[in-house]
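Chain residues, written in single-letter form:
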Amino acid sequence: MKQYADVKEVRYEGKDSKEPFAFKYYDPDEVIDGKPMKDHLKFAMSYWHTIDAEGRDMFGPGTMDKSFGITDPIARYKAKADFAFELMNKLQLDYYCFHDVDIAPEGKTLKESLGNLDIMVDYIFDLQKKHNKKCLWVTANNFSDATFMAGAATSCEADVFAVAAAKVRACIDAAIKLGATGYVFWGGREGYETLLNTDMELELDNLARFLKMARDYGRAKGYAGDFYLEPKPKEPTKHQYDFDAATCMNFLRKYGLTDDFKLNIEANHATLAGHTFEHELRTAIVNDAFGSIDANQGDLLLGWDTDQFPTNVYDTTLCMLEVLRAGGFTNGGLNFDAKARRVSNTFEDILLAYIAGMDAFALGLRKAVEIVEDGRLDQFVSERYASYTRGIGAEIFAGTTTLEALSEYAKTLDRIDVPSGRQEYLETIVNNILFA
Ligand code: XLS
Ligand code: NI
Ligand code: NI
């Protein structure tokens, strides 16, 4: 197998290729359903997993070294940034996403850390221009530092709220400078372990106060992109406030934030919440809050966020079907919030993992388009609900009937035939299209 350095650019070779460092399904410029695959998919690199994480887990240290042998903090992060853009070029990735602490070394004080961030944002600004790359979204890591042990905006300590605000302010500035079209709030430690020590109402109100300030600051500075909440049910806290898409929507509505905030749906978070990925996507779509996607997959036998690269084509197909139904991405995209496994510990593995994920989504897109063109699923669903297009159903749909009128109508009914759901049959259609 080739070495990392030997791979200049991963190219599309088609499904019969046996070359490990080639795309079998992802052909960036191929036009499918009216636009190039790269515009349907808008793949992004996650800086934290790809450029920083070295494979550390609870039982042992990292298995990879991403320090590039440099000890000076700024010089090291510049080398990381150079590596990041070289990697994006090799993989034909157009976008990237990051937390403040991913791109810049933390200093001894907040002031020093923010200064480092400024230096690195300038550095990355030049790199993205040179390499013609775009920033998909930015976020603040307001959960790793010990300061955030009890949360950030939901911390019991007001000074922590202020520190979190300073970091978000700096990250919104970075998003604006880099032209990002998204700004993410994943809850981090916004949640709790026990009500014995928690004022839930104050914490939720504070979270809303925080998001409003961030929104107001961003809009005042001219940020026109989306703000996203990223739902996750648990981990690190037992009760994460942003449990799932429906919980997030309830929160956003209660506090009047739906005009500015959409959702960033992560596959692994969906399954942790006991939902399918497509359920969370559909919930976002029907609430006009579909924004962006953190593409990964979990392991259904493990109860935590394993952030694996997505390879399950059934799931990517059903995901892309939802994206097509939503009319595609606008400001969002597919960010690989995913890491190669701890034992896949070479630089070649980083390439192979992205190829696996990008091809799984490219194939999913191709299959989703085929499912739409085939039409049998859509037709089945519209026929299943056809009773709402005529007679009493049409009146219910139009809101022109009443409980009393329905009651009179119901009394005249004899036998009611509810049409079969035909799930097994529909699953054979999906298999037929997937494996044809
Ligand atoms: C953690 C989240 C995180 C966000 C960004 O589970 O997925 O990586 O995407 O803070
Ligand atoms: Ni995520
Ligand atoms: Ni996650």
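This text goes with the structure placed above it.
Figured I'd write up the structure that's included with this text. (Residues numbered from 1 in each chain as written. Chains lettered and ligands numbered in written order. Predicted model: local features only at pLDDT ≥ 70, side-chain atom pairs only at ≥ 80, totals over all residues. Heavy atoms only, no water.)

Topic: unusual backbone geometry
Definition in use: Put simply, DSSP marks the helices as runs of H or I at least four residues long and the strands as runs of E at least two long, and each gets a number from the N terminus on.
In this structure, proline 236 follows glutamate 235 across a cis peptide bond, with omega equal to 10°. Following the sequence through the fold, proline 236 ends up in the loop between strand S10 (226-230) and strand S11 (239-240). Residues other than glycine seldom take positive phi values, yet aspartate 33 does so here, at roughly 50°. Within the fold, aspartate 33 resides in the loop between strand S3 (31-32) and strand S4 (35-36). For aspartate 288, which is not a glycine, the phi torsion comes out positive at approximately 55°.

Observations concerning empty space enclosed by the protein
Take a probe with the size of a water molecule and roll it over the atoms, and the empty space left behind shows itself. Which entries qualify depends on this criterion: Cavities and pockets are found on a 1 Å grid laid over the protein atoms alone: a cavity is a set of points where a 1.4 Å probe fits but cannot escape, a pocket is an open set with protein on both sides within 12 Å along at least five of seven lines, and a lining residue has an atom within 4 Å of such a point. Grid points are joined across faces, edges and corners, and a volume is the space filled by probe spheres set on the points.
All told, the structure shown has 1 cavity of 30 Å³ or more when counted by the stated rule. Empty space within the largest cavity amounts to approximately 180 Å³. Along the wall of the largest cavity there are 19 residues; nearest its centre are Phe185, Trp186, Gly187, Glu190 and Phe210. Contributions of two or more residues to the lining of the largest cavity are made by strand S8 (182-186) and helix H7 (200-220). Per-element accounting of the lining of the largest cavity gives the leading share, 4 residues, to S8.

Side note on the coordination of the nickel ion (ligand 3)
In plain terms, the rule: Sites may look incomplete because water is not among the atoms; the donors themselves are N, O and S atoms within 2.8 Å of the metal, or within 3.2 Å for Na, K and Ca. Per-residue accessibility, obtained with a 1.4 Å probe over protein chains only, is compared with the maximum for each type, and a residue is labelled buried under 20%, exposed over 50%, and partly exposed between these values.
Around the nickel ion (ligand 3), the protein supplies Glu266 (OE), His269 (NE2) and Asp305 (OD) as donor atoms, at distances of 2.1 to 2.2 Å. Mapping the donors of the nickel ion (ligand 3) onto the primary sequence gives the spacing E-x2-H-x35-D. The distance between the nickel ion (ligand 3) and the nickel ion (ligand 2) comes to 3.8 Å, with glutamate 266 serving as a donor to both metals. Here histidine 269 falls in the buried class, since its relative accessible area comes to 3%.

Thoughts on the packing of helix H10 (residues 277-286) against helix H11 (residues 313-325)
Selection rule: To get an axis, fit a line to the C-alpha atoms, keeping to the stretch in contact for a helix; angles then go from 0 to 180 degrees between the N-to-C directions. Roughly parallel means an angle under 35 degrees; roughly antiparallel, over 145; roughly perpendicular, 65 to 115; everything else is oblique. Contact between two residues is taken to exist if any of their heavy atoms lie within 4.5 Å; hydrogens are not considered.
Two elements in contact, H10 and H11, have axes separated by 9 Å at closest approach and are oriented at 10°. By the angle between their directions, the pair H10 and H11 is classed as roughly parallel. Residue-level contacts link Phe277, Glu278, Leu281, Arg282 and Ile285 of H10 to Asp315, Leu318, Cys319, Glu322 and Arg325 of H11.

Observations concerning the packing of aromatic side chains
How two aromatic rings sit relative to each other is set out by the distance from centre to centre and by the angle between their planes. Note the cut-off: By convention, a stacked pair of Phe, Tyr or Trp rings (six-membered ring in the case of Trp) has centres within 6.5 Å and planes under 30 degrees apart, an edge-to-face pair has planes over 60 apart, and any other such pair is tilted. In this scheme, the term charge over a ring applies when either NZ of a lysine or CZ of an arginine sits within 6 Å of the ring centre and within 35 degrees of the ring normal.
Applying the stated criterion to the full structure yields 27 aromatic pairs. Ring geometry for phenylalanine 23 and tyrosine 26: centres 5.2 Å apart, planes at 85°, overall edge-to-face. Ring plane angle 75° and centroid distance 5.0 Å describe the contact between tyrosine 26 and phenylalanine 43, whose orientation is recorded as edge-to-face. Of this pair, tyrosine 26 sits in the loop between strand S2 (22-23) and S3 while phenylalanine 43 sits in strand S5 (residues 43-46); the two residues are 17 residues apart in sequence, bridging distant segments of the chain. On the basis of relative accessibility, which here comes to 1%, the residue tyrosine 26 falls in the buried class. Within the aromatic cluster, the residues linked to one another by ring pairs are Phe23, Tyr26, Phe43, Phe309, Phe336, Tyr354 and Phe361. We note lysine 90 situated over the ring of tyrosine 4; from NZ or CZ to the ring centre the distance is 4.4 Å. Directly above the ring of phenylalanine 125 sits lysine 177, whose terminal nitrogen or CZ lies 4.6 Å from the centroid.

Here we look at the coordination of the nickel ion (ligand 2)
Put simply, the test is: When four donors show all angles between 85 and 135 degrees the site is tetrahedral, when four or six donors have opposite pairs over 155 degrees and all other angles between 65 and 115 it is square planar or octahedral respectively, and in every other case it is irregular.
Protein-derived ligands of the nickel ion (ligand 2) are Glu230 (OE), Glu266 (OE), Asp294 (OD) and Asp337 (OD), with the metal-ligand distances lying across 2.0 to 2.1 Å. Between the 6 donor atoms coordinating the nickel ion (ligand 2), the angles at the centre fall across 81 to 174°, so the site counts as octahedral. Sequence spacing of the donors to the nickel ion (ligand 2): E-x35-E-x27-D-x42-D.

What about the site of ligand 1?
For clarity, the cut-off: Think of it this way: one heavy atom of a residue within 4 Å of a molecule or strand is enough to make that residue near it. Contacts described as polar in this section are N or O atom pairs within 3.5 Å, which, within protein, must combine one atom able to donate a hydrogen with one able to accept it, while residues neighboring in sequence count only if both atoms come from side chains. Note on residue categories: nonpolar means Ala, Val, Leu, Ile, Met, Phe, Trp, Tyr, Cys or Pro, charged means Asp, Glu, Lys or Arg, and polar means any other residue, Gly included.
Ligand 1 sits among Trp48, His99, Trp186, Glu230, Lys232, Glu266, His269, Asp294, Asp305 and Asp337. Within the side chain of glutamate 230, one N or O atom sits 2.7 Å away from an oxygen atom of ligand 1. Residue aspartate 305 places a side-chain N or O atom 2.8 Å away from an oxygen atom belonging to ligand 1. Among the residues making up the shell around ligand 1, the classes are represented as 2 nonpolar, 2 polar and 6 charged.

Looking at the layout of surface pockets
Estimated volume of the second largest pocket: approximately 660 Å³. Surrounding the second largest pocket, 19 residues form its lining, Arg282, Leu318, Leu377, Val381 and Leu426 being those nearest its centre. When residues in the lining of the second largest pocket are grouped by element, the largest group, 5 residues, is from H11. Residue composition of the lining of the second largest pocket, by class: 9 nonpolar, 4 polar and 6 charged.

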